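# Residue-level structural notes
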Amino acid sequence: MKTLFCSDINVGETAVIESVGGEGGLRQHLLDLGAIPGVSLKVIGKAPMGDPVEILIRGYTLSLRLDQASLIKVRLTEEVPEPAITEVYQDSVHPGLGEEGKYHNHEDDSNALSKDAPMRFILAGQNNSGKTALFNQLTGESQHVGNFPGVTMESKEGLLKGTPNARVVDLPGLYSLVPFTSDEKVASDYILGGEYEGIINVVDAGNIERNLYLSTQLMELGVPMVIALNMMDEVRGNGGWVRVNDMEKLLGVPVVPIAAAKDEGVKELMKHVLHVARYREAPARQNFCSEVEISRIQKEQGLDRDAAIAAVRYGFIQDICSKTVVKPRLSKEYIRSRKMDGILTGKWTGIPIFLLVMFCVLALSIQVLGTPLQELLAKGIGSLAAAAGKAMQASSVHPAVYSLVMNALFGGVGYVLSFVPIIVLMFFFLSLLEDSGYMSRVAYMTDKPLRKLGLSGRSIVPLLLGLGCSVPAVMASRTLPSSHDRKMTILLTPFMSCSAKIPI
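Model, not experiment: these values are computed from the prediction. Along each chain, residue indices are assigned from 1 in the same order as the chain's sequence is written. Only residues with pLDDT of at least 70 are given local features in this predicted model, and only at 80 or more are side-chain atom pairs given and counted; all residues enter the totals for whole chains, interfaces and linings. Just so you know, side-chain values use all the structure's heavy atoms and leave hydrogens and water out.

### What about the side chain of R313?
As a reminder, the rule being used: A run of H or I in DSSP counts as a helix once it spans at least four residues, and a run of E counts as a strand once it spans at least two, with each numbered from the N terminus. Each residue gets one of three labels from its accessible area relative to the maximum for its type: buried under 20%, exposed over 50%, partly exposed in between, using a 1.4 Å probe on protein chains only. By definition, residues are in contact when any of their heavy atoms lie within 4.5 Å.
Among the secondary structure elements, R313 is positioned in helix α11 (residues 305–324). Judged by relative accessible area, which is 8%, R313 ranks as buried. Excluding its chain neighbours within four sequence positions, the residues that come into contact with R313 are Y213, T216, Q217, E220, F288 and C289.

Written as structure tokens, this is what we have:
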């Protein structure tokens, strides 16, 4: 029988993973994402040029390059339909384990922190779980929120609202404490450093199974922790629910349902976080991978140690989810997004639409709107320069000062300022594309051709920003997953025809 790999499967076909090859960080990354022997996956799309491939695994979509997908050995199988939702069970109350003190004997508070003791909390979670949105609610700040991995590349710290002695640190997203990219290493190093009093683990309530993998690793650190089930409003709106009280008991840590974007449940979350940190209430369960269990899994399923550890964690998580999670139906937004993907990233339509979109952005930014605004601003600067020249001549200003103001200030700086309307318009339209999610689709489509230049598909974002200005484009290269991609992108960015280079 021919050996099949994930890269060989056609769109719409379903398969079961038999083994995961490779070595080092890439193999561990695939295991952490849930690609474990015995798990089903389905190919749901391929980029216009055939690479990368998009798969559905454990209820979420994952994009893999063909060389990565070729590491996953599979066998074809029939698709198993999802069970229909037969009930929606809602917890009537949510008292919260932290407030009830179920993990702490309050008769002896000798180890408790004083109310005025300084405390630091970290926001830890996977990409796009809503950490930055929650950080803004907790601190009152307004950090940039996006749907593109790598929006947060470094830790950001702010004061917890109403609690001047407590600080919150927003970390980059990571899938596991074993880092795969540079931004994950930033987060992992900070977490393992241990210079904080509590962890706020932000979990996407619509994708609990994948998100809880990191939660089990964080619980093993033995640090006071609260799980924030974010985006619960979307889950409820699509007919799903989470039995929060039952999940708390099974996990052994406080679980608080929130909707950070709407400021729902954030105050309750703050109470829990301050409580567990002050009384140093560590998670009740801190061991998910005993040697005996791992050895048994290795023997029964023929797995190596790394795969066995991932299998044990996901086995525990599946048991938790089967008892506490009522999966929501597919939302109208998701269905609409998949239909749009069929057009925006289609084999015959994706690239032409991308070229058309970029033509419109450039035409609107430079010709249609930019040039008239540029001319208007240039006339304004010219009029101001003429008035200033007359005033200096009437005042008999020294010729050196006159030359400095007229030639350097108005002639030099004023000429550069005339490009501002084009730059502003360029970034406005590009930000619309990013916020709409189209930029991530562009990265998906352009990954294969850009790799021929030694770049990543995600390099397309800073390169396109280079059409507006090279400085923010170079800064945007921080979101790229490897140092090689960052260096190559930075070196190529100055060759993009930005709005200042075009007239030159």
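### Focus: helix α14 (residues 370–394)
Under the convention used in this document: Here the expected span of a helix is defined as 1.5 Å times the quantity of residues minus one.
Its 25 residues place the ends of α14 36 Å apart at the C-alpha level, agreeing with the 36 Å of an ideal helix rising 1.5 Å per residue. Those residues of α14 not exposed but buried are G370, Q374, I381, A385, G389 and M392. Residues of α14 that are buried make contact with α13 (350–368), α15 (399–417) and α16 (420–435). Two residues or fewer after α14 comes S396, characterised by a positive phi angle close to 55°.

### Looking at the sheet that holds strand β3 (residues 40–46)
Short version of the rule: In this analysis, strands are considered paired if DSSP registers two or more bridges between them.
Taken together, six strands build an open sheet; the order of strands is β1-β6-β2-β3-β4-β5 and the sheet is antiparallel. In the strand order of this sheet, the two ends are held by β1 (4–5) and β5 (60–64), each with one partner. As defined by bridge partners, β3 adjoins strand β4 (residues 53–57) across five bridges and the pair is classed as antiparallel. When the bridges of β4 are listed, G45 appears paired with E54.

### Describing the sheet that holds strand β13 (residues 255–257)
To keep it simple, the criterion reads: For helices, the fitted line uses only the C-alpha atoms of the stretch in contact; every axis is such a line through C-alpha atoms, and the angle between N-to-C directions lies from 0 to 180 degrees.
Taken in spatial order, the six strands of this open sheet run β8-β9-β7-β10-β11-β13, and their pairing is mixed. In this open sheet, the two edge strands, each paired with only one partner strand, are β8 (156–160) and β13. Geometrically, the sheet is characterised by an average inter-axis angle of 25° between neighbouring strands, direction not taken into account. Each of β7 (119–125), β8, β9 (163–170), β10 (198–204) and β11 (225–230) touches helix α4 (residues 131–139); the most contacted strand, β8, lies at about 35° to it.

### Concerning the side chain of S176
Inclusion rule: Between N or O atoms, a polar contact is any pair within 3.5 Å; within protein, one atom must be a potential hydrogen donor and the other a potential acceptor, and residues adjacent in sequence are included only when both atoms are from side chains.
Along the chain, the position of S176 falls in the loop between β9 and α5 (182–193). Since its relative accessible area comes to 1%, S176 is described here as buried. In terms of polar contacts, S176 uses its side chain to reach the backbone amide nitrogen of V178, at 3.1 Å. There is a polar contact of 3.3 Å between the side chain of S176 and the side chain of Q217. Apart from residues no more than four positions distant in its own chain, S176 is found in contact with D32, Y213, L214 and Q217.

### Quick word on the environment of T493
Mapped onto the fold, T493 is located in the segment after α20 (483–492). In the structure, T493 is positioned 23 residues away from S470 in sequence and 6.3 Å away in space, judged by C-alpha atoms.

### Some thoughts on the pattern of salt bridges
Put simply, the rule is: Whenever a carboxyl oxygen of Asp or Glu lies within 4 Å of a side-chain nitrogen of Lys or Arg, that contact is scored as a salt bridge.
In total, this model carries 16 salt bridges according to the counting rule given. Among the ionic pairs, R27 bridges to D304, the shortest N-O distance being 2.5 Å. Linking R27 in helix α1 (residues 24–32) with D304 in the loop between α10 (291–301) and α11, this pair joins segments that are 277 residues apart in sequence. What makes R27 buried here is its relative accessible area of 14%. The partly exposed category is assigned to D304, whose relative accessible area is 31%. Across the salt bridge formed by D233 and K262, the nearest N and O atoms sit 3.3 Å from each other. Here D233 is found in helix α7 (residues 232–237), whereas its partner K262 is found in the loop between β13 and α9 (266–278), with 29 residues between them in sequence. Connected through salt bridges with shared partners, the residues D51, R65, D447 and R451 form a single ionic network.

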